[in-house]
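What follows is the residue order along each chain.
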Amino acid sequence: MQPRAAALVAAGGFVGAVSRHAVAVALPAAFPWGTLAVNVAGAFLLGMVVYETLHRGRLSAAARTFVATGFLSSFTTYSTFASETVGLTPTLAAANVLANYALGGVAVLLAREVVRWRS
C-alpha cells in the first residue's frame, strides 16, 4: 500500500471509529440501536459511493479510499453486530439480524435510486 493511500485509510478510519462511538453513546443501550443505525447508514453511504462511481464517475480514487475503505470500514461494524446479537434473547436476536440485513439492503437500494434520480 502506498503511503498516501495508507494515510487516507487511517484518517478515514479515525473519523469513522469516533463517529460510530458517538452514535452508540447517543442511542439507548437496551437494544443495539447504535450498531443498527451505523450499519444501515453505512450501507446507504457505501451504496452512494459505489453507484456514484459506477454511474457518474465523479468520485476520485482518493475520496473512495478515504470514505469507503477508511471511514465506512470503521463506522460500520459486523463484529459488534455479531457480539451484541449473541447477548440478546432469541427473539431480540432474530429481530436484530433481520433488521440489520433487511434495512441494510434497503439502504443500498435507496442509495442506488438517489444516485439515479440525481443523474
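The coordinates are above.
How each quantity is defined
Residues numbered from 1 in each chain as written. Predicted model: local features only at pLDDT ≥ 70, side-chain atom pairs only at ≥ 80, totals over all residues. Heavy atoms only, no water. Helix = DSSP H or I, 4+ residues; strand = E, 2+ residues; numbered from the N terminus. Contact = heavy atoms within 4.5 Å. Polar contact = N/O pair within 3.5 Å; in protein donor to acceptor, adjacent residues only side chain to side chain. Core = buried A, V, L, I, M, F, W, Y, C linked by side-chain atoms within 4.5 Å. Buried < 20%, exposed > 50% of the residue type's maximum accessible area, 1.4 Å probe, protein only. Axes fitted to C-alpha atoms, helices over the stretch in contact; angles between N-to-C directions. Parallel < 35°, antiparallel > 145°, perpendicular 65-115°, else oblique. Left-handed = near helix turned anticlockwise from the far one by under 90°. 1 Å grid on protein atoms, 1.4 Å probe; cavity = no way out; pocket = protein on both sides within 12 Å on 5 of 7 lines; lining within 4 Å. Points joined across faces, edges and corners; volume = space filled by probe spheres on them. Nonpolar A, V, L, I, M, F, W, Y, C, P; charged D, E, K, R; others polar.

Engineer: Help me out: how do you make sense of the environment of Thr77 in this one?
Structural biologist: Mapped onto the secondary structure, Thr77 falls in the loop between helix 3 (61–75) and helix 4 (78–86). Taking C-alpha positions, Thr77 is 18 Å from Thr65, a pair spaced 12 residues apart along the chain. Residue contacts for Thr77: discarding those within four places in its chain leaves Arg20, Thr35, Val38 and Asn39. In this structure the side chain of Thr77 is engaged in a polar contact, spanning 2.9 Å, whose partner is the side chain of Thr80.

Engineer: Help me understand the nonpolar core, please; the structure alone is not making it clear to me.
Structural biologist: Membership of the largest hydrophobic core is limited to five residues, which are Phe31, Leu36, Leu88, Ala93 and Ala99. Apart from the residues lying within four places of it in its own chain, the contact partners of Ala93 are Thr85 and Leu88.

Engineer: What's the story with the packing of helix 1 (residues 3–26) against helix 2 (residues 33–56) in this structure? I'm lost.
Structural biologist: Across the interface, helix 1 lies against helix 2 with an axial gap of 7 Å and an inter-helix angle of 135 degrees. Classified by the angle between their axes, helix 1 and helix 2 sit oblique to one another. Regarding helix 1 and helix 2, the two cross each other, and that crossing is right-handed. For the pair formed by helix 1 and helix 2, the contact residues are Arg20, Val23 and Ala24 on the first element and Gly34, Ala37 and Val38 on the second.

Engineer: Just to check I follow, could you spell out the layout of surface pockets for this structure?
Structural biologist: Empty space among the atoms becomes apparent when a probe as large as a water molecule is rolled across them. Taken as a whole, the largest pocket spans an internal volume of roughly 210 Å³. As for the largest pocket, its lining consists of 14 residues, and the residues nearest its centre are Asn39, Ala43, Thr76, Thr77 and Tyr78. Within the residue set of the lining of the largest pocket, elements represented by two or more residues are helix 2, helix 3, helix 4 and helix 5 (90–118). The leading source of residues in the lining of the largest pocket is helix 2, at four residues. Class assignment of the residues belonging to the lining of the largest pocket gives a composition of seven nonpolar, seven polar and no charged.

Engineer: I would appreciate a short explanation of the packing of helix 2 against helix 5 in the present structure.
Structural biologist: Packed helices, taken two at a time, are described by the angle between their axes plus the distance between the axes. Two numbers describe how helix 2 lies on helix 5: the axes approach to 7 Å, and their chain directions differ by 35 degrees. Our pair here, helix 2 against helix 5, has a crossing hand that is right-handed.

Engineer: Mind showing me how you'd approach the environment of Phe81 here?
Structural biologist: Along the chain, Phe81 turns up in helix 4. Among the residues examined, Phe81 registers a relative accessible area of 5% and is labelled buried. Phe81 sits 12 residues away from Ala93 along the chain, and the two C-alpha atoms are 10 Å apart. Once you skip the residues sitting within four places of it in the chain, Phe81 turns out to touch Thr35, Asn39, Asn96, Val97, Asn100 and Tyr101.

Remember, this is a structural readout, not a statement about activity or role.
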